[in-house]
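The lines below spell out each chain.
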Amino acid sequence: MSAPEKITAESRTEFGKGAARRIRRDHKIPAVVYGHGNEPTHVILPGHQTMMALKHGGANALLALEIDGAEQLALTKDVQVDPIRRVIEHIDFVSVKRGEKVTVDVRVHVTGEAGPDTLVVTENAVVSVEAEATHIPEAFEVSVEGAEVGTQVLAKDLELPSGVTLLADEELLIVNVTEQISAEALAAELAEEIGRAHV
């Protein structure tokens, strides 16, 4: 994982819906940093730079926020996005220290083509792990290249980088390679379901 992106944050003094709207109108993002027993710190972040940092860092983006001249490592916890305009409305961060271990959900990325007549089902798209705040993996890659029907990838089969500990159940099913159902079989199954529903 690359070094955390540095972003200069302004302290936020105005609160309420009107103040938040004004912040967003200026293409900035209201945010709050929690953690380490301190009072939550309310800040304003530059919109475009923050959006690019989150896009680059993924769901567990780690940012180095400069607040009033002091640097604070902040791990992204919750990003609220306007469902219509697709702009970031608010971000919750948790403050972390270098070397500190944190619990995060890391997404699973499936690659490769499974064998013929197979259907690849991702049963769990994220896996809970413990990692150093500055070394959170962006994703776990699972290759299904040439996998046959009946192939299952469990949490314990994931390749974890050093320093990363699996918190999820070892037997958690991540990827399941099943038999692809033919159109005829699917139609017959649906007809049977409909028949049962009308009984």
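It should be emphasised that the depicted structure is a prediction, and the values quoted were computed from it without experimental measurement. (Residues numbered from 1 in each chain as written. Predicted model: local features only at pLDDT ≥ 70, side-chain atom pairs only at ≥ 80, totals over all residues. Heavy atoms only, no water.)

Participant: Just checking my understanding: could you explain the overall build of the protein chain for this structure?
Facilitator: Summing up its helical and strand segments, the protein chain has three helices and 13 strands in all. Against the globule reference of 16 Å for 199 residues, the protein chain gives a C-alpha radius of gyration of 22 Å, more extended than a compact globule. If one aligns the C-alpha atoms of the protein chain with their principal axes, the spans along those axes are about 65 × 45 × 25 Å. Across the 199 residues that make up the protein chain, the buried fraction comes to 34%. Accessible surface, the protein chain as shown: approximately 12100 Å² in total, 50% of it carbon and sulfur. Charge separation in the protein chain, taken as the distance between the mean sites of 18 positive and 33 negative side-chain charges, equals 14 Å. (Helix = DSSP H or I, 4+ residues; strand = E, 2+ residues; numbered from the N terminus. Rg over C-alpha atoms; globule rule 2.2 N^0.38 Å. Buried < 20%, exposed > 50% of the residue type's maximum accessible area, 1.4 Å probe, protein only. Areas by Shrake-Rupley, 256 points an atom, 1.4 Å probe, with all protein chains shown as cover. Lys, Arg positive; Asp, Glu negative; His and termini not counted. Charge placed at Lys NZ, Arg CZ, Asp CG, Glu CD.)

Participant: Would you take a moment to explain the pattern of salt bridges for this structure?
Facilitator: When their charged atoms lie close together, side chains carrying opposite charge are able to pair. Applying the stated criterion across every chain yields a total of five salt bridges. Taking the shortest distance from any N to any O, the salt bridge between Glu10 and Lys28 comes out at 2.9 Å. Taken as a pair, Glu10 in strand β1 (residues 5-11) and Lys28 in strand β2 (residues 28-34) lie far apart in primary sequence, 18 residues in all. Looking at Lys28, the relative accessible area reads 29%, which means it is partly exposed. The salt bridge involving Glu171 is made with Lys156; its shortest N-O contact spans 2.9 Å. Remark: Lys156 occurs in the loop between β11 (152-154) and β12 (165-166) and Glu171 occurs in the loop between β12 and β13 (173-179); sequence separation between them is 15 residues. Each of Lys6, Glu71 and Arg98 takes part in salt bridges that share partners, so that together they form one network. (Salt bridge = Lys/Arg side-chain N within 4 Å of Asp/Glu carboxyl O.)

Participant: Can you help me understand the environment of Gly35 in this one?
Facilitator: Inspection of the secondary structure puts Gly35 in the loop between β2 and β3 (41-46). Each C-alpha atom of the pair Gly35 and Pro116 lies 50 Å from the other, and the pair is 81 residues apart in sequence. Residues contacting Gly35, with those up to four places away along its chain left out, are Val94 and Ser95. (Contact = heavy atoms within 4.5 Å.)

Participant: Is there a simple way to think about helix α1 (residues 17-25) in this case?
Facilitator: Given 3.6 residues per helical turn, the α-helix brings residues three or four places apart onto the same face. All buried positions along α1 are accounted for by Ala19, Ala20 and Ile23. Within α1, the buried residues cover an arc of 100° as seen down the axis, which keeps them to one side. Pointing more than 90 degrees away from the buried face of α1 are the exposed residues Lys17 and Arg25. In this structure, the buried residues of α1 make contact with β2 and β3. (Arc of directions from axis to C-beta.)

Participant: Help me understand the sheet that holds β12, please; the structure alone is not making it clear to me.
Facilitator: By way of backbone hydrogen bonds, the strands of a sheet pair with one another, either parallel or antiparallel. The strand order across the open sheet formed by four strands is β10-β7-β9-β12, and the pairing between neighbours is mixed. Only two strands of the sheet have a single neighbouring strand rather than two, namely β10 (139-143) and β12. In terms of strand pairing, strand β7 (residues 101-111) meets β10 through five bridges, oriented parallel. Considered in β10, the bridge of Thr111 is made with Ser143. (Pairing = 2+ DSSP bridges.)

Participant: Help me understand the side chain of Thr134, please; the structure alone is not making it clear to me.
Facilitator: With respect to the helices, strands and loops of the structure, Thr134 is situated in the loop between β9 (126-132) and β10. Residue classification places Thr134 among the buried residues on the basis of a relative accessible area of 12%. Among the polar contacts made by the side chain of Thr134, one reaches the side chain of His135 at a distance of 3.2 Å. (Polar contact = N/O pair within 3.5 Å; in protein donor to acceptor, adjacent residues only side chain to side chain.)

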